[in-house]
Amino acid sequence: VRMRELVFLCLVGSILAAHHHHTTIPTTTLDPNSDEARMLRLEGGIENLARQLMMQQLFVEERIRSDGDSGIKQVRLNHKGTRTFFSDTHSMGSINSIHDHSNYINTIGMGEVIPVLNGIEFRTRHNDYKLRMPHPNSTTYHATVDIPFPEVPPSVKSQPTLEKQIEEMKNYFKAWKFQNPSFRDYRPYFKPVLCYMEGAWTTNTKTLDEPFSSDRHFIDAASWFDLQEKIRFTSYTGGKHNLENFSFLPTTIINMRNGTPEYAQWNYRILCHPIKGDLPLKAFEPVDDLASRLAHKYNLTKFSMTRSARFHLASEYRHAHFLPEKGYGVFQDRVYTHSIMDTIMNQIPGKDNYPAKIFDKSLGLEMLDPFSSSVNPLNTGYYHRRYKYDDKGAMGTKTNNRGFADKNLWVAQTTSNHIAPIHMNDCHKVNRTYTECKEIEARYTYAIPLEIIYMTPLNSWNPYNLPYWDRKHGRYTPTKDHRNGAFNATNAYNGTNYANYYWTPTAFFSGKELNHDAADTVKNSVVLRQRWSVTPVHRDGSSVQKELDAMKEMINHIGAFSNLFQEPPAVSGSAVQQAPDAHFRTSLATKDPPGRHYHELFIEDSDYKLALSGQTVTAETTMESSHTHMVEVAYDSHTHQWVIKKCDDMAHCWDGHSEILTKIQ
């Protein structure tokens, strides 16, 4: 087999050598038909082939860069309908396929996505990342620590009874909800963290490297080649790994050294960073997603309360105003060069972690801090989008963006030899007769923000003093002897652990859950929005999308922009208002397998009205634990309950859901 591969390479090299003349055969000393001459032609051909492959990869990346910005491109398809906007984009059921795993001590639910980072398009596994941050003191590659939980306010802990503790804790949540620190100063106990996705070309092309830990998912492959074969197979067949543990991570030729190709493997990870200071909720404003809104007939206010909602941050706090009745802010749109998001991203280090201290002087120019009034070098070991340099020989100080046309290209330099370097031989004329050359090497990583999560004192509040069994000592104790969390002494959890982190008293929660995702593993309770998706979208960099966004803005605010229409808009007649879909959730199924889970289902308004009139309607649930249910739903006018009459043509669902459905308001 190895001989056949060598013969194949020899043939390809010989063909390319016939068209490229980078290798010159010294015909005066070598017979052109000799073995040595043929080997020289072969080596030159293989080098040319490798360089051509490098150029092809560059072409693909440049094409993707010109198509859009760094950002999320697509989630897995779970919905479709008679119109294109019923199917998934970067959102639909939820932005970035986020869901809830808050029964885990520090796991954040996030499914598979297709991102683009600086022109590199890839597909992730099911993510379910953890609240971990780069190491604060070590530069060791991928050294991380858990983000510490906020403290419990002393005024809560000092209360004499549990009821009074609950009442005082609710006061802090009320103060946070209404952004009123004078009622209770919530700011030391409600800590925002930015979670981000980081990608890079790595030097480990042999053994599979799991870049970040997850309690629930991992790359299911023995090597990079094994992973690529599995991706090729599932892509060819349209199949899917049931546990969603495959990812498409490309390999490339990153350099040619003395005729030898150097390979690099793309990899990514998700980490979080504790934001310095307070981040008031007035800085968030929902991004209108007409496709998702129209699919469910939601107005913007209702849409902003769902997991499909995406938010953008104000450029400055002074331009934002908080709307307490809606829970987010509004601000005037404006052009900016530096925003709140830039300030936050500038706090995040690359692979050298928080001790990073790197200064870039490549191409004969030193990169400077673009927001310093004096000439200060820019620490390129931290993520940044803009820089300036002092070119005294040309036009003075200049400010540049990273990349050609990518407004979300945050980059950080690193000294880690785990990151593949890029090389260039920089030659320039010192005078008209002399050229000076210098070999330049650089190692960079790229990142985009995903979401801002507010950690609350509930993470640390343990008023019942429940024991916590860590991973080293008795991690299985809470569920030993078939304990599943039932409300009796025999089957109740025996304490808590990393996957059954139930500390908050039930009496603290009140009201109804806003919405629920099919991949949730936690029981149904909610307080306020803690996860604010601020992820950029790849298509937003497209000139077509920019035009569509402008049109969408004009249509949504016809009165404000009426003077911009070539013909004044006019609406005649009365149109029937579209009602939103009815939203339901099944009961919790505890049968194992498949394990504890819920499903959701949506019923269009016309079918909903038929059910209210006594008829039975059919709907398919969302997918959870690798299955869905086809259910027949009816409304019981005597008990005023929504019930499942049949589940997959059976009287009861095979996995233990009861017949009662919960309607989500």
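Residues numbered from 1 in each chain as written. Predicted model: local features only at pLDDT ≥ 70, side-chain atom pairs only at ≥ 80, totals over all residues. Heavy atoms only, no water.

## Section: helix α5 (residues 224-237)
The condition that has to hold: Per the convention used, a helix needs a DSSP run of H or I reaching at least four residues, while a strand needs a run of E reaching at least two, with both numbered from the N terminus. Multiplying 1.5 Å by the helix residue count minus one yields the expected span of that helix. Three exposure classes are used, based on accessible area relative to the maximum for each residue type with a 1.4 Å probe and protein chains only: buried under 20%, partly exposed in between, and exposed over 50%. Directions from the helix axis toward the C-beta atoms define the arc. Residue contacts are counted whenever heavy atoms from the two residues lie within 4.5 Å of one another.
Helix length check: α5, at 14 residues, gives a terminal C-alpha distance of 20 Å against a target of 20 Å (1.5 Å per residue), a fit within 8%. Residues of α5 that are buried: W224, L227, I231 and T234. End-on view of α5: buried residues confined to an arc of 95°, all on one side of the axis. Exposed positions of α5 whose direction lies more than 90 degrees from the buried face are F225, R232, F233 and Y236. Tucked into the core, α5 has its buried residues touching β11 (260-274).

## Focus on the environment of N484
Structurally, N484 is set in the loop between β22 (444-455) and β23 (531-533). By relative accessible area, which is 36% here, N484 ends up partly exposed. In this structure the C-alpha to C-alpha distance between N484 and N494, which are 10 residues apart in sequence, comes to 9.5 Å. In this view, N484 contacts N491, Y493 and R596; residues no more than four positions away in its chain are not counted.

## Brief notes about helix α9 (residues 543-556)
Heads up, the condition is: Polar contacts, as used here, are pairs of N or O atoms within 3.5 Å; protein pairs need one atom able to donate a hydrogen and one able to accept it. Residues neighboring in sequence count only if both atoms are side-chain atoms.
With 14 residues, α9 should cover 20 Å at 1.5 Å per step; its first-to-last C-alpha distance of 20 Å lies within 8% of that length. Sitting at the amino-terminal end of α9 is S542, which places a side-chain oxygen 3.1 Å from the backbone nitrogen of V544.

## Quick word on unusual backbone geometry
The phi dihedral of H142 falls on the positive side, at around 60°, and the residue is not glycine. Along the chain, H142 turns up in the loop between β7 (132-134) and β8 (144-146). Using a relative accessible area of 18% as the deciding quantity, one classes H142 as buried. In this structure, D481 is a non-glycine residue whose phi angle is positive, near 60°.

## Observations regarding the sheet that holds strand β1 (residues 71-75)
Test applied: In short, DSSP must find at least two bridges between two strands for them to pair.
As summarised here, the arrangement of the 3 strands in space is β1-β4-β5, forming an open sheet in which the pairing is antiparallel. Looking at the sheet topology across the chains shown, the edges are occupied by β1 and β5 (120-121). Relative to strand β4 (residues 113-117), β1 runs antiparallel, the two sharing 4 bridges. Note on β4: the bridge partner recorded for V75 is V113.

## Some points on the state of the cysteines
Convention followed: To count as a disulfide, a pair of cysteine sulfur atoms needs to be within 2.5 Å.
Within the structure shown, the criterion is met by 3 disulfides. The residue that forms a disulfide with C195 is C272, at a sulfur-sulfur distance of 2.1 Å. Here the disulfide of C195 and C272 is right-handed, its torsion about the S-S bond being about 100°. Taken together, the residues C195 in strand β9 (residues 191-202) and C272 in strand β11 connect sequence positions 77 residues apart. Residue class for C272 comes out buried when judged on its relative accessible area of 0%. The partner cysteine of C427 in its disulfide is C437, sulfur to sulfur 2.0 Å.

## Thoughts on the side chain of N408
Its location among the elements puts N408 in the loop between β18 (396-401) and β19 (410-413). At a separation of 3.0 Å, a polar atom in the side chain of N408 contacts the main-chain carbonyl oxygen of S70.

## Regarding the side chain of N106
With respect to the helices, strands and loops of the structure, N106 is situated in the loop between β2 (98-99) and β3 (107-110). Note on N106: relative accessible area 8%, which makes it buried. A polar side-chain atom of N106 sits 3.5 Å from a polar atom in the side chain of D146. Other than its neighbours up to four places away in sequence, N106 contacts Y129, K130, L131, D146, F149 and D215.

## Examining the sheet that holds β2
Read from one edge to the other, the open sheet built from 3 strands follows the order β2-β3-β6, with strand pairing classed as antiparallel. Two strands lie at the open edges of the sheet, namely β2 and β6 (129-130), each paired on one side alone. The pairing of β3 with β6 spans 2 bridges and is antiparallel. Paired with T107 across the two strands is K130, which belongs to β6.

## Examining the pattern of salt bridges
Formally: Salt bridge, as used here: a side-chain nitrogen of Lys or Arg that lies within 4 Å of a carboxyl oxygen of Asp or Glu.
This structure, assessed with the given rule, holds 28 salt bridges. A salt bridge links E112 to R76; its shortest N-O distance comes to 2.9 Å. Here R76 lies in the loop between β1 and β2 and E112 lies in the loop between β3 and β4, a separation of 36 residues in the sequence. Its relative accessible area of 29% is what places R76 among the partly exposed residues. The closest approach of N and O atoms between R293 and D288, which form a salt bridge, is 2.6 Å.

## Quick word on the confidence of the model for the chain
In plain terms, the rule: Predictor confidence is given residue by residue as pLDDT, running from a minimum of 0 to a maximum of 100.
In the predicted model, the chain carries a mean pLDDT of 86, and the fraction of residues at 70 or more is 91%. Per-residue pLDDT stays below 50 along residues 1-27; that stretch engages in 22 contacts with residues further than four places along the chain or on separate chains. Throughout residues 511-526 the model reports pLDDT below 50, and contacts reaching past four residues in sequence, or to other chains, amount to 63 contacts.

## Overview of the environment of R310
Looking at the secondary structure, you find R310 in strand β13 (residues 310-313). Through-space distance from the C-alpha of R310 to that of T535 is 7.3 Å; in sequence the pair is 225 residues apart. Beyond its immediate sequence surroundings of up to four residues, R310 is in contact with H90, I95, E285, P286, V287, S533, T535, P536, V537 and D540. Among the polar contacts listed, one links the side chain of R310 to the side chain of D540, at a separation of 3.4 Å.

## As for the environment of S606
Of note, S606 is situated in helix α11 (residues 605-612). A sequence separation of 24 residues divides S606 from A582, and the C-alpha atoms of the two residues are 9.9 Å apart.

## Overview of the nonpolar core
Here is the rule we go by: Nine residue types can take part in a nonpolar core, namely buried Ala, Val, Leu, Ile, Met, Phe, Trp, Tyr and Cys, and a core is a set of them joined through side-chain atoms within 4.5 Å.
L194, L279, F284, L313 and I452 are the most contacted members of the largest nonpolar core, which has 46 residues in total. Of all the secondary-structure elements, those providing two or more residues to this core are α4 (162-177), β9, β13, β14 (320-323), β15 (328-331), α8 (340-345), β19 and β22. Setting aside anything within four residues of it in sequence, one finds L279 in contact with P192, F284, Y317, I340, I344, I452 and Y454. Counting 43 residues, the second largest nonpolar core, distinct from the first, contains L117, V193, W201 and F212.

## So, the packing of aromatic side chains
What counts, and what does not: Aromatic rings from Phe, Tyr and Trp, with only the six-membered ring used for Trp, were paired whenever their centres fell within 6.5 Å, and each pair was classed as stacked if the ring planes differed by under 30 degrees, edge-to-face if by over 60, and tilted otherwise. Charge-over-ring placement is defined geometrically: NZ (Lys) or CZ (Arg) within 6 Å of the ring centre, and within 35 degrees of the ring normal.
Inspection of the entire model under this criterion finds 28 aromatic pairs. Plain terms: the ring middles of W201 and W266 are 5.2 Å apart, the flat faces sit at 75° to each other, and that makes the pair edge-to-face. Of this pair, W201 sits in strand β9 while W266 sits in strand β11, and the two are 65 residues apart along the sequence. This pair shows no difference in class: W201 is buried, exactly as W266 is. Here the aromatic residues F173, W176, Y186, F190, F284, F311, Y328, Y454, W461, F508, F509 and W532 are joined through ring pairs into a cluster of three or more. Across the ring face of F178, the terminal group of K177 is positioned such that the distance to the ring centre comes to 5.3 Å. Taking the ring centre of F183 as reference, the NZ or CZ of R184 above it sits at 4.8 Å.

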